[in-house]
Amino acid sequence: MSAAPASATTASLTDVVRAVRSVVRRGGDWQRTAALVAEQLRRNLPGPEVLTEAQRTGDPAGYLSHLLHAEADGSFSVVAMVWLPGQVTPVHDHVTWCVFGVVQGAEHEDLFALADNGRRLVRTGSAENTTGQVSGFAPPGDIHRVRNTGTGVTISLHVYGADISRLGCSIRREYNLPIG
């Protein structure tokens with residue numbers, strides 16, 4: 001569900017939340033909701049200034065996750081991820097739909113599927129998501145790994161269809177399986 005970079009905007013976190021709220025309140029299955037949220041995030045993707053200078057810095061110990069908004073009814077959350085060069089997630093899937101937009105830098109995403117009755121992973125694709133690009137997915141079929149392959153800090157805004165403040169994170173399962 002990737003798309004070309006959005007035009008420069010001066011959207012705020014409030015704009016993002018308002019736009020996502022309008023879509024999520026309509027209801028619908030996860031695939032459709034993710035597609036509609038992606039459309040709204042494309043129209044309202046803010047710049048890195050949505051974070052404080054300290055939040056934009058990153059941490060050499062690992063990528064950072066900053067909860068920016070959790071909807072009171074638990075229907076969605078907005079999280080900023082900050083990646084220093086070389087930082088990578090484990091291969092994982094999610095508890096719900098997710099839409100993300102890159103606000104600075106680039107994220108490389110590797111996509112996987114289970115094979116051999118769940119005993120190994122096969123790579124099914126990859127994407128280089130650059131500043132302004134928005135993408136998303138919904139389970140099942142959301143196994144992936146994300147990394148910063150660039151030379152500077154990468155920042156992305158993630159919208160999850162759950163209250164991350166209650167769950168702690170969006171990861172359902174990590175996959176420590178052979179890839180091949």
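That block above? That's the structure.
Here's what I pulled together on the structure shown here. Quick caveat: nothing in here was measured; it's all calculated off a predicted structure. (Residues numbered from 1 in each chain as written. Predicted model: local features only at pLDDT ≥ 70, side-chain atom pairs only at ≥ 80, totals over all residues. Heavy atoms only, no water.)

**Thoughts on the overall build of the protein chain**
Counted only if it meets this: Numbering of helices and strands runs from the N terminus; a helix is a DSSP stretch of H or I covering at least four residues, while a strand is a stretch of E covering at least two. Throughout, radius of gyration means the C-alpha value; the globule benchmark is 2.2 Å times the number of residues raised to the power 0.38. The cut-offs for exposure are 20% and 50% of the maximum accessible area for each residue type, with area from a 1.4 Å probe on protein chains only; residues under the lower value are buried, those over the upper are exposed, and the others partly exposed.
A count of helical and extended segments in the protein chain gives 4 helices and 10 strands. When the helices and strands of the protein chain are read in sequence order from the N terminus, they spell out α-α-α-β-β-β-β-β-β-β-β-β-α-β. Taken over the C-alpha trace, the protein chain has a radius of gyration of 15 Å; the compact-globule value for 180 residues is 16 Å, and the two agree within 12%. Considering only C-alpha atoms, the protein chain reaches an extent of 45 × 40 × 30 Å along its principal axes. Across the 180 residues of the protein chain, 46% fall into the buried class.

**Some details on the pairing of strand β5 (residues 106-115)**
Worth spelling out the cut-off: Here, any two strands with at least 2 DSSP bridges between them count as paired.
Judged by how many residues are buried, β5 sits mostly within the fold: 7 of 10 residues are covered. Here β5 pairs with strand β6 (residues 120-130) via 10 bridges, running antiparallel. Bridge pairing in β6 links Ala-115 to Arg-120. Between β5 and β6, which pair antiparallel and follow one another directly, the connecting turn spans 4 residues, one of which, Asp-116, has a positive phi of 50°. Inspection of the sheet shows β5 paired to strand β8 (residues 143-147) by 5 bridges, in the antiparallel sense. Looking at the pairing, Phe-112 lines up with Ile-143 of β8.

**Description of the packing of aromatic side chains**
Two aromatic rings, taken as a pair, are described by how far apart their centres are and by the angle between their planes. Rules: Only centres within 6.5 Å qualify two rings of Phe, Tyr or Trp (six-membered ring in Trp) as a pair; their planes then separate them into stacked at under 30 degrees, edge-to-face at over 60, and tilted for everything else.
If you walk through the whole model with that rule in mind, you get 1 aromatic pair. Residues Tyr-63 and Trp-83 carry aromatic rings whose centres are separated by 4.5 Å and whose planes lie at 20° to one another, so their mutual orientation is stacked. With Tyr-63 in the loop between α3 (53-56) and β1 (64-70) and Trp-83 in strand β2 (residues 77-83), this residue pair connects regions lying 20 residues apart in the sequence. Judged by relative accessible area, which is 1%, Trp-83 ranks as buried.

**Things to note about the pairing of β2**
Most of β2 sits out of view: 7 of its 7 residues are buried. Here β1 pairs with β2 via 6 bridges, running antiparallel. Bridged to Leu-64 within β2 is Val-82. From the end of β1 to the start of β2, which pair antiparallel, there are 6 residues, and Gly-74 there has a positive phi angle of about 80°.

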